[in-house]
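Residues per chain are reported as follows:
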Amino acid sequence: MSMKENKKLYTLLVYSENIAGILNQITAVFTRRQVNIESLNVSASSIEGVHKYTITAWSDEDQINKITRQIEKKIDVVKANYFTDDQLFIRETGLYKLSTEKVLQNPDISRTIRRHDASITEVNPTYVIVMKNGKTEEILSLFYALNEYDCVLQYTRSGRIAVTRAKQEQVSEFLEERELAHQ
């Protein structure tokens, strides 16, 4: 039985003040519970002074709920929530470095790139850089297809970025309520 069989991929959206050391505090919660982080992306959010952490992990709902609550207790964390994929709009980017020689020798490689709606962003005598934006499965699908041609020199995938399907980020409502409470 695989470890992932009774687990789901959850995405946590964590909002915090922009304070040094908060990333370590957040990842420590996963480490203590022996839950591996699949992907992690940190960036400024739509709210000034607030950073957004997009973290994916395989877990069951009980465990991910406990992790989320522990993260939210951290003093510099403004809000933390967990979601399943159907509750979010999700994107990643894949970068593929291919052998120029093999790309030129085999027109099926270019057809595969076009069929996967990817774009060639750079070409030189040594390598071709291909970029694909999309869902995780789409990024992986292109990698597996290109790998069949034995032309991939390097491959990497970004961490997930996600927004909720709600009208505004939940942290906006939370900050508005907090502001009203302090008046």
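Here's a quick rundown of the structure. (Residues numbered from 1 in each chain as written. Predicted model: local features only at pLDDT ≥ 70, side-chain atom pairs only at ≥ 80, totals over all residues. Heavy atoms only, no water.)

**Describing the side chain of Thr 84**
No. 1: For Thr 84, the location among the structural elements is in the loop between strand 4 (77-83) and strand 5 (88-99).
No. 2: With relative accessibility at 15%, the residue Thr 84 sits in the buried group.
No. 3: Within the structure, Thr 84 has its side chain in polar contact with the side chain of Asp 86 (distance 2.4 Å).
No. 4: In contact with Thr 84, other than residues within four places in its own chain, are Lys 8 and Tyr 10. (Helix = DSSP H or I, 4+ residues; strand = E, 2+ residues; numbered from the N terminus. Buried < 20%, exposed > 50% of the residue type's maximum accessible area, 1.4 Å probe, protein only. Polar contact = N/O pair within 3.5 Å; in protein donor to acceptor, adjacent residues only side chain to side chain. Contact = heavy atoms within 4.5 Å.)

**Quick word on the pattern of salt bridges**
No. 1: A full pass over the atoms with the stated rule returns 6 salt bridges.
No. 2: The salt bridge partner of Arg 157 is Glu 92, with a shortest N-O separation of 2.6 Å. Taken together, the positions of Arg 157 in strand 8 (residues 152-157) and Glu 92 in strand 5 put the pair 65 residues apart, joining distant regions of the chain.
No. 3: Here Glu 92 falls in the buried class, since its relative accessible area comes to 4%. (Salt bridge = Lys/Arg side-chain N within 4 Å of Asp/Glu carboxyl O.)

**A look at the sheet that holds strand 1 (residues 8-17)**
No. 1: An order of 2-3-1-4 is seen for the 4 strands of this open sheet, with the pairing classed as antiparallel. Bordering the open sheet on either side are strand 2 (37-44) and strand 4, each of which pairs with just one other strand. The sheet shows a mean angle of 15° between the axes of neighbouring strands, taken without regard to direction.
No. 2: Strand direction decides the pairing type here: strand 1 and strand 3 (residues 50-59), joined by 10 bridges, are antiparallel. (Pairing = 2+ DSSP bridges. Axes fitted to C-alpha atoms, helices over the stretch in contact; angles between N-to-C directions.)

**What about the nonpolar core?**
No. 1: Counting 16 residues, the largest nonpolar core has Leu 12, Val 14, Ile 26, Phe 30, Ile 55, Ile 67 and Ile 71 as its most contacted members.
No. 2: Those elements that provide at least two residues to this core are strand 1, helix 1 (22-32), strand 3, helix 2 (61-72) and strand 4.
No. 3: Ranked by the residues each element gives to this core, the list is headed by helix 1, at 4 residues.
No. 4: Residues in contact with Val 14, not counting those within four places in the same chain, are Ile 26, His 51, Lys 52, Tyr 53, Ile 55, Ile 71, Val 77, Lys 79 and Ala 80.
No. 5: In terms of nonpolar packing, the next biggest core, distinct from the first, is built from 13 residues, Ile 109, Val 128, Leu 142 and Phe 143 among them. (Core = buried A, V, L, I, M, F, W, Y, C linked by side-chain atoms within 4.5 Å.)

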